[in-house]
Amino acid sequence: MLNALAQLGRVGIGMLERLGRGHLLLLGILRGLPDLLPRPGLLIKQIYSVGVLSILIISVSGLFVGMVLGLQGYYILSQFGAEQTLGVMVAASLVRELGPVVAALLFAGRAGSALTAEIGLMKATEQLSGLEMMAVDPIRRVLTPRFLAGFISMPLLAALFSALGVLGGYFVGVGLLGVDDGAFWAQMQAKIDLHEDVFNGAIKSVVFGLVCTWIALFQGFDAVPTSEGVSRATTRTVVHSSLAVLGLDFILTALMFGD
Amino acid sequence: MVESVDSQVPLVSIRGLRFSRGSRVIFDGVDIDIPRGKITAIMGPSGTGKTTLLKLIGGQLRPSAGTILVDGQDIHRLGNRDLYRLRMRMGMLFQSGALLTDIDVFENVAYPLREHTNLSPSMIRKLVLLKLEAVGLRGARELMPSELSGGMARRVALARAMVLDPMMIMYDEPFTGQDPISMGVLVELIRALNDASRLSSIIVSHDVQETAAIADLIYVISNGKVIESGGPEAMINSELAWTRQFMQGLADGPVPFHYPAAELADDLLGGAC
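Residues numbered from 1 in each chain as written. Chains lettered and ligands numbered in written order. Predicted model: local features only at pLDDT ≥ 70, side-chain atom pairs only at ≥ 80, totals over all residues. Heavy atoms only, no water.

S.K.: Whenever I open this one, the overall build of chain A confuses me. Can you help?
M.R.: Regarding its fold elements, chain A presents 10 helices and 0 strands. Judged by the C-alpha coordinates and their principal axes, chain A covers about 65 × 55 × 35 Å. Look at the contacts in chain A between residues 6 or more apart in sequence, and 84% of them connect residues 24 or more apart. A total of about 12,500 Å² of accessible surface is found on chain A, and carbon and sulfur atoms cover 72% of it. (Helix = DSSP H or I, 4+ residues; strand = E, 2+ residues; numbered from the N terminus. Contact = heavy atoms within 4.5 Å. Areas by Shrake-Rupley, 256 points an atom, 1.4 Å probe, with all protein chains shown as cover.)

Right under this line is the structure:
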């Protein structure tokens, strides 16, 4: 019994230690932001790696999610004779929820896991130690540009996901199922609110971008420097990021749309 | 930049060093002096903490007790700014080379110059080419690290470690896993660079012949303590059985051939797995 309690205590202390290290790392990363100003090349390179290379998976996924929304929405709305509001349903679902959330889950899977593996391998191959011994702070030089790149890329990727999703819904609803073209866009324009829907969705994607990139960088930096350690860290990145996105989505939704 | 202190004072002075990982004691009261302008070797079997010692000297790890003075400065009492300023005068050659894998050989060697100086691109080019020439790899400047052999990667790392003209270079197992030609090249390079650039070098290694061939002073460490120190000849012909066993590569001696176990007869007749 006492042993079990001691074990529980050790696990708790371990988790708190990791949480503390994670926050200290975030502080170090944020302190490095001013260093990026004279070196925009570092940021641009990472935006390409983290953001641009994620465009394909985000675009294709957005298109398909929008097409499925168009299909499912049409069958439900047509039962009430409300198929003309399909545009509103597709756009609201995407901009408020699916855009930020699914884009963040895809971002964690593609860019987050890549970031963790890259940083973890840099640690395992002593590249981070090498930088330290060259009097270069690896947090400022390696982690900060990647963090800012994730922070900037995520909202843009979520916007792209939503935009292509709307096009997918339009293609299925208007192109295949015969919903009126003008009604699709006019209803959407009338009912989607810039502040209530678009702005709140953007806030979500900013928060998800910050959290996913932070988790990915911390897991890589804190990885045990072996092949098994990097593999576990990469898995943890995807699991922790996904859970964090879904949990935070509930909290943010309750704060934004709850009465 | 802090001026070097008296040349008679050791470049690195370690006193009463204690360091543990969990419950395992790595160093227990180690005293070492690294003289200026010489090649000092720290030798001992695998797992004795030789690489850890270099990380302690470089300020990447903190000891649980004791002091490490580098050029008169207690490295573990320095603030970040002073620590980084001191590290600019210390080069380190990692066992793996630790080259940045996303940039080519030229950019790897130029990296410290771009980070710490405001030199013009043409001056950086000249300096990098000179350092690459010194390690015989000027022609490999456009190769990526993944295209280099292990020996070439270490030579590029050596050029990078020297590019800021440091006062000392620390070598972590420079000869491990090298073919005879690469080994010979590295042995020659380390000696030649130390003498030509008036460096001080610290080599941690368990490759006895290569290290003894170029070292001026050898410290033999085991079980967290310095067993013996002296010139290469004295170490090879040491009267201490442990040192002799290590330096001459004898299979049995104070370090037993067998891992501690129960008597063989008991084990065989015991029956239990």
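S.K.: Explain the pattern of salt bridges to me, please; I cannot follow it from the model alone.
M.R.: For the structure on display, the rule yields 26 salt bridges over all chains. One connected set of salt bridges, linked through shared partners, spans Arg18, Arg21 and Asp222 of chain A. (Salt bridge = Lys/Arg side-chain N within 4 Å of Asp/Glu carboxyl O.)

S.K.: What am I meant to see in unusual backbone geometry here?
M.R.: Of note, the phi angle at Ala135 of chain A is positive, near 65°, even though the residue is not glycine. Take Ala135 of chain A: it is sitting in the loop between helix H6 (127-133) and helix H7 (138-176). For Ala135 of chain A, a relative accessible area of 6% gives the class buried. The backbone of Asp165 of chain B shows a phi angle near 50°, a positive value even though the residue is not glycine. One can find Asp165 of chain B in the loop between helix H5 (150-162) and strand E7 (168-172). (Buried < 20%, exposed > 50% of the residue type's maximum accessible area, 1.4 Å probe, protein only.)

S.K.: Where do I start with the sheet that holds strand E4 (residues 65-70) of chain B in this structure?
M.R.: The strands making up a sheet associate through backbone hydrogen bonding, with each pair oriented either parallel or antiparallel. Residues and elements named next belong to chain B. As summarised here, the arrangement of the 4 strands in space is E2-E1-E4-E5, forming an open sheet in which the pairing is antiparallel. Two strands close off the open sheet at either side, each with one partner strand: strand E2 (24-34) and strand E5 (73-74). The sheet contact formed by strand E1 (residues 12-21) and E2 spans 8 bridges and is antiparallel. Following the sheet pairing, Arg18 is matched in E2 by Asp28. Against the sheet, helix H1 (residues 50-57) engages E1, E2 and E4, with an angle of about 120° to E1. (Pairing = 2+ DSSP bridges. Axes fitted to C-alpha atoms, helices over the stretch in contact; angles between N-to-C directions.)

S.K.: Would you mind going over the environment of Ala233 of chain A with me for this structure?
M.R.: For Ala233 of chain A, the location among the structural elements is in helix H10 (residues 227-257). Filtering out sequence-adjacent residues up to four positions away, Ala233 of chain A remains in contact with Thr116, Gln219 and Ala223 of chain A.

S.K.: Could you clarify how one ought to interpret the pairing of E4 of chain B in this entry?
M.R.: Successive side chains on a regular strand alternate, one facing one side of the sheet and the next facing the other. Residue and element names in this part refer to chain B. As defined by bridge partners, E1 adjoins E4 across 5 bridges and the pair is classed as antiparallel. Residue Val12 lies in a different strand from E4, and its bridge partner there is Val70. Here E4 pairs with E5 via 2 bridges, running antiparallel. Along E5, the bridge assignment pairs Val70 with Gln73. Turn length for the E4-E5 hairpin, with the two strands adjacent in sequence and antiparallel, is 2 residues, and the turn residue Asp71 shows positive phi of about 50°.

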